[in-house]
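# Understanding the architecture of this molecule
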Amino acid sequence: MSTSTTSAGLRRTAARRPAIRPTWCCSFSLDPQTPHSKPYSPIAKPHSLTSRRILSPGRVSPIDSDPIDSDPIQDLQEKRLSSVEESRDGGSFRGFRVRLKGREGEVVILSEKEKEMICENSEVFRGLIGRMDLNRGFEIELDGVKGLEGFKATIGLMREAGRNEMRWLAKIGVSGAIEILEVSCSIRFERGIAACLKYVEAAPWTENEEEKLKTLLKTYSLNKTLTQDIVSRFCTASLTSSDNLTVHLIRSITCGSNSKSRRELHTLMNGILSSSSMYQKDIAGLNKEGIYDLCHSVLDSLLVLFKEERPSAERISQQLENLNWLSEILIEKQIGEEFVDLWINQGELISMHEISSPMVRYEMSRVSATIFISLGKGKIHINGEKRFEFFNSWFGPMLLDFGWLRRCPKGLEMRMLEEYIGQALLTLAMQQQQRFFMEWFRVFSEQGRECPNLTRAFQVWWRRSFVRSVGQR
């Protein structure tokens with residue numbers, strides 16, 4: 001390309017490029033001083049307004065800067081504003097305009113009444129307008145506003161006064177009030193802050209709303225007198241230890257007399273105590289001694305009930321249900337080994353089992369079933385001697401009560417129980433296994449399905465004991 005052609009191309013490019021417009025910036029604060037600005041001679045179309053574009057708190061950006069992610073409303077009062085151009089219409093336009101642009105491109109231009117309202121109520125905007133020469137035209141543009149609806153709702157709250165504020169906030173609900181509170185904090189709308197805090201404190205929250213409130217109160221330094229009642233609703237510093245409170249709640253459930261309510265509360269507490277529970281940010285501990293004290297208390301009550309002249313099947317069933325639930329809690333929390341020891345040593349209860357009606361006694365084997373399943377799954381780790389003692393104490397009663405448990409399982413998976421009794425039995429020494437398999441064989445041959453089916457475990461034991469492996473002599 002020739003030199004003359006290149007020069008002509010550069011001249012055409014320069015002709016299309018707009019003239020660089022001088023700008024000035026100001027430091028923003030709540031008690032502004034008149035800025036020292038130097039007007040320039042406008043070379044542009046008439047009736048063009050100044051564009052004061054607030055792109056980001058904390059940095060000064062040219063008018064043509066790329067948009068950024070931060071919310072221009074938040075922390076507006078703390079930092080600096082972007083560049084400002086004066087009106088280029090020779091002063092024919094007076095005052096200012098406020099233009100809000102949302103992140104999705106939606107635009108709201110405030111009316112004259114709304115401008116008056118916001119300047120009257122917001123310390124931030126009062127300070128902003130105080131910096132301007134209102135003999136010239138200005139446009140304040142807030143670009144990329146995150147909570148545009150919240151900003152509009154905040155102006156709506158400005159129209160209300162006195163008791164009407166509470167009624168107005170009640171119509172938009174807690175989520176809306178939190179949005180208005182955030183905008184009010186950003187623009188220093190003190191009456192709005194007080195009204196929103198008063199309303200939110202008296203209203204119920206969802207968990208999501210509570211998290212938003214916590215974040216907002218951490219972000220802004222608000223009057224403690226206004227926020228103390230709200231903070232007290234999610235501050236747990238002075239509450240009783242969760243460990244002790246949990247034991248107290250469990251004790252209340254074990255003492256309850258309404259079966260349906262107790263089952264519902266069992267489900268509630270199991271959810272709270274679960275390590276994957278939505279209620280726990282961290283896995284809460286459990287007062288082990290407190291739970292074991294409850295176990296001893298329930299066992300003492302059982303002995304008293306069994307010794308009555310006419311034992312109440314219903315009351316015995318309730319106490320055994322409590323004991324079984326406590327054992328499940330201890331096993332789930334991996335502190336159930338001592339419970340197995342406790343259950344092994346219930347010689348008096350075992351003797352009561354031998355002389356009691358099947359209708360009364362079979363619930364004892366429900367507690368044993370929980371332990372058999374846990375041993376078979378490997379959730380309880382006790383030595384071989386303790387495992388033998390447990391089988392020696394409670395395997396016989398289980399063979400007798402299995403038919404009753406089948407007829408009234410109350411959520412107990414009978415096939416799973418059969419499988420894990422067999423698995424637990426196979427953890428014993430071979431000679432001990434032989435003793436208990438022979439006992440099972442005798443009862444099963446007489447009672448059939450009234451007895452647990454341990455044939456698969458029996459086959460494993462037989463193969464290990466008498467069938468030689470390949471290559472073994």
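Residues numbered from 1 in each chain as written. Predicted model: local features only at pLDDT ≥ 70, side-chain atom pairs only at ≥ 80, totals over all residues. Heavy atoms only, no water.

As recorded in an unreviewed UniProt entry, the chain goes by the name H-BTB6+-+Bric-a-Brac+Tramtrack+Broad+Complex, listed as coming from Rhynchospora pubera. Regarding the chain, the UniProt comment filed under Function (unreviewed entry) reads as follows: "May act as a substrate-specific adapter of an E3 ubiquitin-protein ligase complex (CUL3-RBX1-BTB) which mediates the ubiquitination and subsequent proteasomal degradation of target proteins." Word for word, the UniProt comment on the chain under Pathway (unreviewed entry) is "Protein modification; protein ubiquitination." (UniProt positions renumbered as here; feature names shortened; annotations may be inferred.)

For the rest of this paragraph, the subject is the overall build of the chain. What the chain contains, in helices and strands, is 19 helices and four strands. In the chain, buried positions account for 45% of the 473 residues. Within the chain, residue pairs in contact and separated by at least 24 positions form 74% of the contacts whose partners lie at least 6 positions apart. Element-wise, carbon and sulfur atoms account for 50% of the exposed surface of the chain, whose accessible area totals about 26,400 Å². (Helix = DSSP H or I, 4+ residues; strand = E, 2+ residues; numbered from the N terminus. Buried < 20%, exposed > 50% of the residue type's maximum accessible area, 1.4 Å probe, protein only. Contact = heavy atoms within 4.5 Å. Areas by Shrake-Rupley, 256 points an atom, 1.4 Å probe, with all protein chains shown as cover.)

Turning our eyes to something else, we now look at the packing of helix H11 (residues 288–306) against helix H13 (residues 337–344). Viewed as axis vectors pointing N to C, H11 and H13 meet at an angle of 20°, and their least axial separation amounts to 11 Å. Here H11 is positioned roughly parallel relative to H13, judged by the angle of their axes. As for how H11 packs across H13, the hand of that crossing is right-handed. Contacts from Lys288, Tyr292, Cys295, His296 and Leu299 of H11 reach H13 at Glu337, Glu338, Phe339, Leu342 and Trp343. For the contact of H11 with H13, the class distribution of residues is six nonpolar, one polar and three charged. (Axes fitted to C-alpha atoms, helices over the stretch in contact; angles between N-to-C directions. Parallel < 35°, antiparallel > 145°, perpendicular 65-115°, else oblique. Left-handed = near helix turned anticlockwise from the far one by under 90°. Nonpolar A, V, L, I, M, F, W, Y, C, P; charged D, E, K, R; others polar.)

Attention now moves to the nonpolar core. With 71 residues, the main nonpolar core has Phe339, Trp343, Phe390, Phe395 and Leu417 as its most contacted residues. With ten residues, H11 is the single largest residue contributor to this core. The contact partners of Leu417, leaving out residues within four places of it in the chain, are Ala369, Phe372, Ile373, Met398, Phe402 and Leu412. Residues Ile155, Ala177, Trp205 and Leu216 belong to the second largest nonpolar core, which totals 45 residues. (Core = buried A, V, L, I, M, F, W, Y, C linked by side-chain atoms within 4.5 Å.)

In this section: a nonpolar patch on the surface. A contiguous nonpolar surface patch, about 320 Å² in accessible area, is contributed by Trp462, Phe466 and Val467. Given a relative accessible area of 46%, Val467 falls into the partly exposed group. (Patch = residues over 30% accessible without salt bridge, like charges linked within 9 Å, V, L, I, M, F, W, Y side chains within 5 Å. Salt bridge = Lys/Arg side-chain N within 4 Å of Asp/Glu carboxyl O.)

Within the structure shown, the criterion is met by 22 aromatic pairs. Ring geometry for Trp343 and Trp394: centres 4.4 Å apart, planes at 10°, overall stacked. With Trp343 in helix H13 and Trp394 in helix H16 (residues 384–407), the pair connects residues that are 51 residues apart, well separated along the chain. Of the two residues, Trp343 and Trp394, both sit in the buried class. Here the aromatic rings of Phe391 and Phe395 are separated by 5.6 Å at their centres, their planes lie at 45°, and the arrangement is tilted. With Phe391 and Phe395 both in helix H16 and four residues apart, this pair spans about one turn of that helix. Of the two residues, Phe391 and Phe395, neither departs from the other in class, the shared state being buried. Through pairs of rings, three or more aromatic residues link up here, namely Phe437, Trp440, Phe441, Phe444, Phe458, Trp461, Trp462 and Phe466. Here the basic side chain of Arg233 rests over the ring of Trp205, its NZ or CZ set 3.7 Å away from the ring centre. Above the ring of Trp404, the side-chain terminus of Arg407 is found at 5.1 Å from the ring centroid. (Phe/Tyr/Trp six-rings, centres within 6.5 Å; stacked < 30°, edge-to-face > 60°. Lys NZ or Arg CZ within 6 Å of the ring centre and 35° of its normal.)

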